[in-house]
Amino acid sequence: MIFDNSPLSPDQFLAEYWQKKPLLLRQALPNFIPDLDANDIAGLACDELAEARLITGEYPEHNWQLKYGPFAEEDFRVLPQDHWTLLVQDVEKHYPPLQTLLDQFAFLPSWRIDDLMVSVAGPGGSVGPHVDQYDVFLLQADGTRRWEIAELFNGALLPDCELNVLREFVPQQEWLLQPGDLLYLPPGVAHHGVAQGPCMTWSIGMRAPGKADLYQSLGEWLASGEGGDNRYRDPILQPDPYPGQVEASAIQGFRELLFSEAMDLQQFSSFLGSFLSRYRLAHEPAGPDKRVDAASIERSLNAGQILRHNPWTRLLWIESYSDASLFAAGSEYRCSVEFAATLCDRKRLASIKAGLPAAENELLCALLNQGHLYFEPL
Ligand code: SIN
Ligand code: CO
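Given the structure is predicted, the values throughout are model-derived calculations rather than measurements.

(A) Summary view of the coordination of the cobalt ion (ligand 2). Taken together, the protein donors to the cobalt ion (ligand 2) comprise His130 (NE2), Asp132 (OD) and His191 (NE2), at separations of 2.0 to 2.1 Å. When the donors of the cobalt ion (ligand 2) are listed by position in the chain, the intervening gaps give H-x1-D-x58-H. Residue aspartate 132 is located in the loop between β6 (130-131) and β7 (136-142), and its partner histidine 191 is located in strand β11 (residues 190-195); the two are separated by 59 residues in the primary sequence. In this pair, the class of aspartate 132 matches that of histidine 191, namely buried.

The structure is reproduced here in structure tokens:
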């Protein structure tokens, strides 16, 4: 079953709802008690490493104001009583114990999960009716929020507004969500959530890279790789009587320069693994002050130290030639499929014991020295 208390199996959810239609799951996480409260989130919003936004306004008045963090305590002291929302992204990376919540989404590929965004709102708080281009699971964490949604709507946005707010919104369905309730929305469904009192909502958002991002990164990847220095050449050139004309033969020459070597699947997988493991990477991992080596890793494992993921590193792998390419924040490493799967799984990573084969120890060494993994202090 997906979640503690829902009648759906992963297969049913994926076949019937995923990327297709909204689903409300009452008490998907019964007795859910958030590990963080509004003060913790406000504190995080003051941290300069956090990505935070403060939105005031309401629909249909459309008196929206948006401020970006980091914030100071003073910003919160001068907030009005109501109609405000504070949003903080990547909360599970700032508070790694919250990653256990994301484990509940193990019925989805882990690379597809982007982050946990927490919104804290005063009465009437809302970010306006809008449409997201990615799937989202909206978990009611505290207080009550009224969600209104529409699958058919006028997509016109409010002009001259930094927020992507719909100018008009006519709900087709609405629900009051209580703590533990969860609303799944596929991309492209208009939604408007209004806090009914002090309210906290946790959004688990999915990653959905767009074509423009992919093209841009692919261009950079190709330009910095083998052949990136190759230049246009025209050894067979005819005199051209018309100044300024770029002839058909030159156009063809450029096409061949760019597209003659179609990328094979192996190359494309390398690009994709590297791209996905860097996508929306907010902080470059930094290595430890003291570099580790094979012997010190053995000593740490023998002493019972546990390996953890750097919460900011994105780790994923792709099978290739019966082994695996492991990607961590854009870098590629080779290892066995089994070891790649172990490294990417929080629980299996934590149970790695001393006595690893040399190649695996070497890979751990590289990942620790790059800051993708760390030993939890005893
Ligand atoms: C919110 O939690 O206030 C907004 C989340 C969303 O609409 O995606
Ligand atoms: Co949204």
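(B) Structural context of the nonpolar core. In terms of nonpolar packing, the biggest core is built from 45 residues, with Phe3, Phe13, Leu86, Phe137 and Trp202 touching the most fellow members. Residues contacting phenylalanine 3, with those up to four places away along its chain left out, are Leu25, Ala28, Leu29, Gln104, Phe105, Phe107, Phe137 and Leu182. Within the second largest apolar cluster, 23 residues are counted, among which are Ile297, Leu326, Tyr333 and Phe375.

(C) Structural view of the packing of aromatic side chains. Taken as a whole and assessed by the stated rule, the structure comprises 19 aromatic pairs. Both rings, one in tyrosine 232 and one in phenylalanine 254, keep their centres 4.1 Å apart while their planes meet at 5 degrees; by these two values the pair is stacked. Separated by 22 residues along the polypeptide, tyrosine 232 in the loop between α6 (211-224) and α7 (248-259) and phenylalanine 254 in helix α7 bring together distant segments of the chain. Tyrosine 232 gets classed as partly exposed once you look at its relative accessible area, which sits at 29%.

(D) Representation of the site of ligand 1 within the structure. Neighbouring ligand 1 are Met117, Ser119, Val127, His130, Asp132, Leu138, Arg145, Trp147, His191, Thr201 and Ser203. Between histidine 191 and ligand 1, the recorded distance is 3.2 Å, taken from a side-chain N or O atom to an oxygen atom. Taking 260 Å² as the accessible area of ligand 1 by itself, protein coverage stands at 96%. Put simply, ligand 1 lies in the largest pocket.

(E) Examining the layout of surface pockets more closely. Space inside the largest pocket adds up to approximately 1,000 Å³. In terms of lining, the largest pocket is formed by 40 residues, of which the most central are Arg53, Gln89, Met117, Asp132 and Tyr134. Of the residues in the lining of the largest pocket, the class split is 18 nonpolar, 14 polar and eight charged.

(F) Focus on the environment of valine 91. Topologically, valine 91 is positioned in helix α4 (residues 91-94). In this structure valine 91 comes out as buried when scored by relative accessible area, which is 0%. A C-alpha to C-alpha distance of 8.5 Å links valine 91 and leucine 44, two positions 47 residues apart in sequence. Ignoring sequence-local partners within four residues, the contact set of valine 91 consists of Leu36, Ile41, Leu44, Leu98, Leu116 and Val118.

(G) Summary view of the pairing of strand β12 (residues 199-206). Taking burial as the measure, the eight residues of β12 include eight buried ones, the bulk of the element. The side-chain alternation of β12 yields two buried faces, one formed by Cys199, Thr201, Ser203 and Gly205 and the other by Met200, Trp202, Ile204 and Met206. Where strand β5 (residues 113-121) lies against β12, eight bridges are found, and the strand directions are antiparallel. Note that in β12 the partner of valine 120 across the bridge is methionine 200. Both β7 and β12 contribute to a ladder of six bridges, which runs antiparallel. For aspartate 142, the partnering residue across the bridge sits in β12 and is methionine 200.

(H) How the structure looks around the packing of α6 against helix α8 (residues 265-278). Where α6 meets α8, the closest approach of the two axes is 11 Å, and the angle between their N-to-C directions is 115 degrees. Taken as a pair, α6 and α8 cross one another with a handedness that is right-handed. Here α6 contributes Asp213, Leu214, Ser217, Leu218 and Trp221 to the contact with α8, which in turn contributes Gln267, Ser270, Phe271, Leu272 and Phe275. Taken together, the residues of the contact of α6 with α8 sort by class into six nonpolar, three polar and one charged.

(I) Examining the pattern of salt bridges more closely. Here the structure, examined in full by the defined rule, presents 14 salt bridges. Ionic pairing is found between glutamate 74 and arginine 77, a salt bridge with its closest N-O pair at 3.1 Å. Of this pair, glutamate 74 and arginine 77 both sit in helix α3 (residues 73-77), three residues apart, which is roughly one turn of that helix. On the accessibility criterion, arginine 77 (60% relative accessible area) is exposed. Measuring nitrogen to oxygen at the nearest pair gives 3.7 Å for the salt bridge that ties aspartate 90 to arginine 280. You can see aspartate 90 sitting in the loop between β4 (84-88) and α4 and its partner arginine 280 sitting in the loop between α8 and α9 (294-302), a full 190 residues away along the chain.

Here is what the cut-offs are and how they apply
Residues numbered from 1 in each chain as written. Chains lettered and ligands numbered in written order. Predicted model: local features only at pLDDT ≥ 70, side-chain atom pairs only at ≥ 80, totals over all residues. Heavy atoms only, no water. Donors = N, O, S within 2.8 Å, 3.2 Å for Na, K, Ca; no water. Helix = DSSP H or I, 4+ residues; strand = E, 2+ residues; numbered from the N terminus. Buried < 20%, exposed > 50% of the residue type's maximum accessible area, 1.4 Å probe, protein only. Core = buried A, V, L, I, M, F, W, Y, C linked by side-chain atoms within 4.5 Å. Contact = heavy atoms within 4.5 Å. Phe/Tyr/Trp six-rings, centres within 6.5 Å; stacked < 30°, edge-to-face > 60°. Near = heavy atom within 4 Å. Polar contact = N/O pair within 3.5 Å; in protein donor to acceptor, adjacent residues only side chain to side chain. Areas by Shrake-Rupley, 256 points an atom, 1.4 Å probe, with all protein chains shown as cover. 1 Å grid on protein atoms, 1.4 Å probe; cavity = no way out; pocket = protein on both sides within 12 Å on 5 of 7 lines; lining within 4 Å. Sits in = over half its atoms within 2 Å of the grid points. Points joined across faces, edges and corners; volume = space filled by probe spheres on them. Nonpolar A, V, L, I, M, F, W, Y, C, P; charged D, E, K, R; others polar. Pairing = 2+ DSSP bridges. Axes fitted to C-alpha atoms, helices over the stretch in contact; angles between N-to-C directions. Left-handed = near helix turned anticlockwise from the far one by under 90°. Salt bridge = Lys/Arg side-chain N within 4 Å of Asp/Glu carboxyl O.

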